[in-house]
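Descriptive analysis of the structure
One letter stands for each residue in the lines below.
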Amino acid sequence: MMSFANLHESRYWLAAGGTMLHFIWIGGAVWIAAAAVRSLMSRSGPRVRYAVALGMLVATACIPCALLVVEVQGNGENVPALHRGSPAPSDAIASAAQPAVWPTRLAGRLEDLFYLPYRWLPWLWLTGTPMTLVALTCGVTGVERLRRAARLLDDGDTVTACRRLQAMLGVGRRVSIGLCDRIAAPLLVGILRPMILLPASILAECSTEQIEMILIHELAHVRRCDVFVNFVQRLLEAVLFFHPAIWWLSSWVRLEREKCCDGVVLAHTCRPQLYAETLAAIALPGIAARHAALAMTDCHLAVRIRHILNLDEESMNASRKSLLAAAGLLVIGAAVAFWQLYKSGPSGNGSAQKPPVVHKSGVDPNFDPTYRVESPDVLSIGLVKSIRADSNPIEPGDQLKIRGTNLLPIDPSGDPVENGFKQINGLHCVQPDGTIDLGPQYGSVVVTAMNTRSAREAIVKHLRESVGLVDPKIAVSLHDVHVQQIVAGEHLVRPDGTVAIGIYGKVPVRGLTVEEIKAAIEKHLAHFFYQPAVEISITRAAAR
C-alpha cells in the first residue's frame, strides 16, 4: 500500500499539483481576456455573445486537461522527491556558521516553499470536488422532488396555449406543465422529459398574454436544450470549483442565455413593456427577498429588463474586485514563471543558477573525490541516456508500433469503414489483460512477457492460424515505455542509505563517492534501459 510520503512523490500526484498551480494564473489571464472581449461585444447580439461566452467557458475548462498532459509527460520530473517529515536539507545547511552560505539557505527555503503547492493543492481538489458534487446531486434531487410534487395540467387554456406555442416555435418534443406551491417563479426542469413548473398563484395573478410570454420563454429554453447545457455548466463548476474564472464565465453564459430567450419572446409578441412588467411582477411583488434572486432561473433581472426595454446597457466591464482578483492570479503566474526560469537557468538544466554546495568543513563535495554520501544529503540525478532495451519484456500499457503487408485484400468500391478495419498499421496499446487489439477483422493477440521479436512471431502465427492469411509480413517495434516515472531530479538520501528512483526501485548509496554512485545507478538501470547514462551531483550536503 502506498505510504503518505510516497503519495506526495508520485508522478501523477505532482502532475496534478502542477496542473492546479499553473491553471490558477492561466485562468486569471483568460479571465481578463474574457472581460475585455465582453466589453468590446457590448453592442453585439445576445446570440453572438452567448456563443462567445460558452466557447470561452469550454476552452477554459479544457486548459487543465492540456496542462495535465504536459505535466505527466515531463514537467513533474522537475519536482524534487523530498519525503514529508524528513529533515529539510536547508536546515542542515543552516548549521554552518559561515556568512557566505546564507544565499544557499535562502534558496533552499524558497525552493521548499515553491514546491509546497505541488504536494498540497491536490488535497484541496480531493476535498472540495466531492463536496460540490454532493451539492449538485442534492440540487438535482430537489428538482426531481419539485417535479413529483407538482400538479400536472392535462387540459385547459394554459395547456392549449402551450401546444399552440410549441407548434409556432417548432418544438417537437412533448412538454408538460405543472403547478407547484413550492416555487416562486417559473422553472423548466428535465432534460429528456421537460416540464414547465409554474407557481400555483400565477394563473390568477397574470393575464393570458403574460402567461403566454412566460411559456414562450420556457419553450425557447427547451428548443435550445438549455437545461442540458446548464447541467454541464454545473459539472464544470463542481470539478473546477477552486477557480473564480469558471464561476464568472458560467454566470455570463447564463445571463446571455436568458437574453436569447427574452429575444424570442419579443420577436413573437412585440410587447417589451408588458414583458418587462411581467418579469418584475413575478420577481418582486409579494415575494420574499430571498426568493427574488431566484426568479426566472436566477439571472440578473435588472440587466435583462434594461435590455428588453432597449435602454442603455449597464457597463460590460468586469468589476473592480474581479479585475483585482485576476491581476492577483497573474502575479502568482509571474512568480511561478520567474522561479521556473531561475531553476532552469540559461542552459535549461539549472546548473547555471545553483548555488555552490558548501560543507561544514568548507569542502565542496562535488569536487572532493573522497567525499562519501550520507543521509540526509540530496543528490541531483540527470538522466542522459534512457533508451529502453529491446530485449525487455512487453508490459501492459506499452505502445507497439505495428506495420504489416500481405493482409486481407481491400475492395476499393467497398465500405471505407470495413476497409479501415483491414489495416493494422499504427500504434497499438497493450491492454491490462496483456493483449493488443488488431481490430474486428483480426482479433486480439497476447504479447506480454515477450520481447518485440517474440511478439512479431506471435502476431504472424495468429494471422496465419486464426485469420487464414498465407504469408503476412509484420514489423513490430516498441514505441513508448508504459510509465514515465520520476528519475531525473533531486532525490533525498533516505535514512536507510538509499535513493528511490520511482518504479525502478532504490539504490544503496551510503558511503559511496559521486563516481561510485554514478556507476551503481547506471548498473541498476541497465536492467531497464539500453546502456543508461546518468549525471550525479550533490545539491545539498548535511552538516556532520
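Scoring rules and cut-offs
Residues numbered from 1 in each chain as written. Predicted model: local features only at pLDDT ≥ 70, side-chain atom pairs only at ≥ 80, totals over all residues. Heavy atoms only, no water. Core = buried A, V, L, I, M, F, W, Y, C linked by side-chain atoms within 4.5 Å. Buried < 20%, exposed > 50% of the residue type's maximum accessible area, 1.4 Å probe, protein only. Helix = DSSP H or I, 4+ residues; strand = E, 2+ residues; numbered from the N terminus. Contact = heavy atoms within 4.5 Å. Pairing = 2+ DSSP bridges. Axes fitted to C-alpha atoms, helices over the stretch in contact; angles between N-to-C directions. pLDDT = per-residue confidence, 0-100. Patch = residues over 30% accessible without salt bridge, like charges linked within 9 Å, V, L, I, M, F, W, Y side chains within 5 Å. Areas by Shrake-Rupley, 256 points an atom, 1.4 Å probe, with all protein chains shown as cover. Salt bridge = Lys/Arg side-chain N within 4 Å of Asp/Glu carboxyl O. Parallel < 35°, antiparallel > 145°, perpendicular 65-115°, else oblique. Left-handed = near helix turned anticlockwise from the far one by under 90°. Nonpolar A, V, L, I, M, F, W, Y, C, P; charged D, E, K, R; others polar. Phe/Tyr/Trp six-rings, centres within 6.5 Å; stacked < 30°, edge-to-face > 60°. Lys NZ or Arg CZ within 6 Å of the ring centre and 35° of its normal. Expected span 1.5 Å × (residues − 1). Disulfide = S-S within 2.5 Å.

So, the nonpolar core
Counting residues in each nonpolar core, the largest one holds 36 residues, and the members touching the most others are I196, L198, L215 and L219. Of all the secondary structure elements, the ones that give two or more residues to this core are helix 7 (157-169), strand 2 (176-180), strand 4 (195-199), helix 9 (208-223), helix 11 (244-269), helix 12 (272-283) and helix 15 (301-308). Sorting elements by how many residues they give to this core places helix 9 first, with eight residues. When neighbours within four sequence positions are excluded, L215 is seen to be in contact with T158, A161, C162, L165, I177 and I196. In this structure, V30, Y50, A61 and F241 belong to the second largest nonpolar core, which totals 29 residues.

Section: the environment of Y50
Looking at the element boundaries, Y50 is found in helix 3 (residues 46-73). Judged by relative accessible area, which is 10%, Y50 ranks as buried. For the pair formed by Y50 and K259, sequence separation is 209 residues and the distance between their alpha carbons is 8.9 Å. Apart from residues no more than four positions distant in its own chain, Y50 is found in contact with R224, D226, V229, V253, E256, R257 and C260.

A word on the sheet that holds strand 4
One open sheet accounts for four strands, arranged 1-2-4-3; its pairing is mixed. Strand pairing shows two members of the sheet lacking a second neighbour, strand 1 (151-153) and strand 3 (187-189), which therefore form its edges. With direction set aside, neighbouring strand axes in the sheet form an average angle of 35°. Where strand 1 and strand 2 come together, three bridges link them in antiparallel fashion. By the bridge assignment for strand 2, L153 is matched with I177.

Quick word on the confidence of the model for the protein
Looking at the protein as a whole, its pLDDT mean stands at 77, while 73% of the residues score no less than 70. In the predicted structure, residues 75-107 sits below a pLDDT of 50 and forms 70 contacts with residues beyond four places in sequence or in another chain. Note that residues 287-299 has pLDDT below 50 and, in this model, 25 contacts with residues that lie over four places away or in other chains.

Quick word on a nonpolar patch on the surface
Together, W125, L126, L133, V140, I191, L192, F228, F231, V232, L235 and V239 line one region of the surface with nonpolar side chains, adding up to about 900 Å² of accessible area. With five residues, the single largest contributor to the nonpolar patch is helix 10 (residues 226-239). Examined against the element boundaries, I191 turns out to sit in the loop between strand 3 and strand 4.

Considering the packing of helix 9 against helix 11
Close contact between helix 9 and helix 11 brings their axes to 9 Å; oriented N to C, the two are set at 125°. Looking at the two axes, helix 9 sits oblique to helix 11. Crossing of helix 9 against helix 11: the hand is right-handed. Contact with helix 9, carried on its side by M213, I216, H217, A220, H221 and R223, involves R257, E258, C261, D262, V264, V265, H268 and T269 of helix 11 and no other residues of that element. Of the residues that constitute the contact of helix 9 with helix 11, the class distribution is six nonpolar, four polar and four charged.

Some remarks on unusual backbone geometry
Backbone geometry places C270, a non-glycine residue, at a positive phi of 55°. Position of C270 among the secondary structure elements: in the loop between helix 11 and helix 12. Take C270: its relative accessible area is 60%, and that puts it in the exposed class. You will see that N406, though not glycine, has its phi angle at about 60°, which is positive. Checked against the element boundaries, N406 lands in the loop between strand 6 (399-405) and helix 17 (416-421).

Description of the packing of aromatic side chains
Geometry of an aromatic ring pair is reported as the spacing of the ring centres plus the angle between the planes. In total, this model carries four aromatic pairs according to the counting rule given. Linked through ring pairs, F23, F241 and F242 together constitute an aromatic cluster. A cation over an aromatic ring shows up here: R224 above the ring of Y50, its NZ or CZ 4.6 Å from the ring centre.

Remarks on the packing of helix 2 (residues 11-40) against helix 6 (residues 116-149)
Contact geometry for helix 2 and helix 6: axes closest at 7 Å, N-to-C directions at 85°. One way to sum up the angle between helix 2 and helix 6 is to call them roughly perpendicular. On helix 6, the residues touching W13, L14, A16, G17, G18, M20, L21 and H22 of helix 2 are P117, Y118, R119, L121, P122, W123, L124, W125 and L126. The residue inventory of the contact of helix 2 with helix 6, partitioned by class, reads 13 nonpolar, three polar and one charged.

Focus: helix 10
Over its 14 residues, helix 10 extends 20 Å from the first C-alpha to the last, a length consistent with the 20 Å expected when each residue adds 1.5 Å. As for helix 10, its buried residues are in contact with helix 3, helix 6, helix 9 and helix 11.

A closer look at the pattern of salt bridges
Counted according to the given criterion, the structure contains 13 salt bridges. E374 serves as the salt-bridge partner of R510, at 3.7 Å between the closest nitrogen and oxygen. Pair noted here: R510 is in the loop between strand 13 (506-508) and helix 19 (514-525) and E374 is in the loop between helix 16 (320-344) and strand 5 (378-388), with a separation of 136 residues, a long-range link. Relative accessible area serves as the criterion here: at 27%, E374 is assigned to the partly exposed category. One network of salt bridges, in which partners are shared, links R234, E237 and R254.

A closer look at the side chain of R147
Locating R147 in the fold gives a position in helix 6. Judged by relative accessible area, R147 falls into the buried class, the value being 11%. Other than its neighbours up to four places away in sequence, R147 contacts V189, G190, R193, M195 and L197.

What to know about the pairing of strand 4
Within strand 4, five of the five residues are buried, which leaves the element mostly enclosed by the surrounding structure. Residues M195, L197 and P199 point to one face of strand 4 and I196 and L198 to the other, with burial holding for every one of them. Here five bridges tie strand 2 to strand 4, and the two strands are oriented parallel to one another. Each bridged residue has a counterpart across the sheet, and for I177 the counterpart in strand 4 is I196. Two strands pair when backbone bridges link them, and strand 3 and strand 4 are joined in this way by three bridges, in the antiparallel orientation. Along strand 4, the bridge assignment pairs V189 with M195.

Details of the state of the cysteines
The tally for this structure, following the rule as stated, stands at zero disulfides. Summary of cysteine pairing: C65 is not part of a disulfide, and the nearest cysteine sulfur, belonging to C62, is at 5.8 Å.

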